[in-house]
Amino acid sequence: MSGLLIVVTLSSCTLRNEPPRAIVIEALQSQIQTTQVSIAQSLDLQPVASAPAVSRVRVDHQEVLKVEGERFVHLEGSFDWQLPRDSVRVDSAFDLYLQRGSHGEGWSLARPAVSNGGEAQRWLLYPLGLPTS
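Since this is a predicted model, take the numbers as computed values, not measurements.

**Regarding the nonpolar core**
Piece 1. The biggest cluster of nonpolar side chains holds 19 residues, and the ones touching the most others in it are Leu28, Val54, Val57, Phe79, Leu96 and Leu98.
Piece 2. Breaking this core down by element, the ones donating at least two residues are helix H2 (21-42), strand S1 (53-67), strand S2 (70-82), strand S3 (90-100) and strand S4 (107-112).
Piece 3. Top contributing element to this core by residue count: H2, with 6 residues.
Piece 4. Apart from the residues within four sequence positions on either side, Val54 is in contact with Ile25, Leu28, Gln29, Ile32, Phe79, Asp80 and Trp81.

What follows is the structure, given as structure tokens:
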């Protein structure tokens, strides 16, 4: 009986820490869009307005990390993506850090901020799963 209780407890912790597939896809789309905007700005061009198509997401490694008291879900894997009106589909690797809301209500994409020397690591958080109206 106690063995069953341990298995149920461990599996519920794992399920609670695993981001939904839609959140992972949205985080990947956000990273692509951020990169596209950065490239467009550096070339003095208009950025692509619509989100890229993301498919075939394959998570190869997942772990829960604690960094400076903050808790993150670190995901590594690969995915296919394609920009709107582009015939080329790209297969890329990814390395994502996601953070669950403090009350478990949502997820954010976490990206390390540039730090100066001895400063503690800071993270920029981008909320995911918000309505787009």
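**Focus: the sheet that holds S1**
Piece 1. Across the sheet, 5 strands lie side by side as S1-S2-S3-S4-S5; this open sheet has antiparallel pairing. Both outer strands of the open sheet, S1 and strand S5 (123-128), are each paired with one neighbouring strand and no more. Each strand of the sheet is rotated relative to its neighbour by a mean of 35°, with strand direction disregarded.
Piece 2. Examined bridge by bridge, S4 and S5 share 6 bridges and lie antiparallel to one another. Within the sheet, the bridge partner assigned to Ser108 lies in S5 and is Pro127.

**Examining the packing of aromatic side chains**
Piece 1. Tallied over the full model, the rule gives 3 aromatic pairs.
Piece 2. Between Tyr97 and Trp123, the ring centres sit 5.3 Å apart and the planes meet at 55°, which makes this aromatic pair tilted. Note that Tyr97 is positioned in strand S3 and Trp123 in strand S5, a separation of 26 residues in sequence.
Piece 3. Following the ring pairs from residue to residue traces out a cluster consisting of Phe72, Tyr97 and Trp123.

The rules behind the values
- Residues numbered from 1 in each chain as written.
- Predicted model: local features only at pLDDT ≥ 70, side-chain atom pairs only at ≥ 80, totals over all residues.
- Heavy atoms only, no water.
- Core = buried A, V, L, I, M, F, W, Y, C linked by side-chain atoms within 4.5 Å.
- Buried < 20%, exposed > 50% of the residue type's maximum accessible area, 1.4 Å probe, protein only.
- Helix = DSSP H or I, 4+ residues; strand = E, 2+ residues; numbered from the N terminus.
- Contact = heavy atoms within 4.5 Å.
- Pairing = 2+ DSSP bridges.
- Axes fitted to C-alpha atoms, helices over the stretch in contact; angles between N-to-C directions.
- Phe/Tyr/Trp six-rings, centres within 6.5 Å; stacked < 30°, edge-to-face > 60°.

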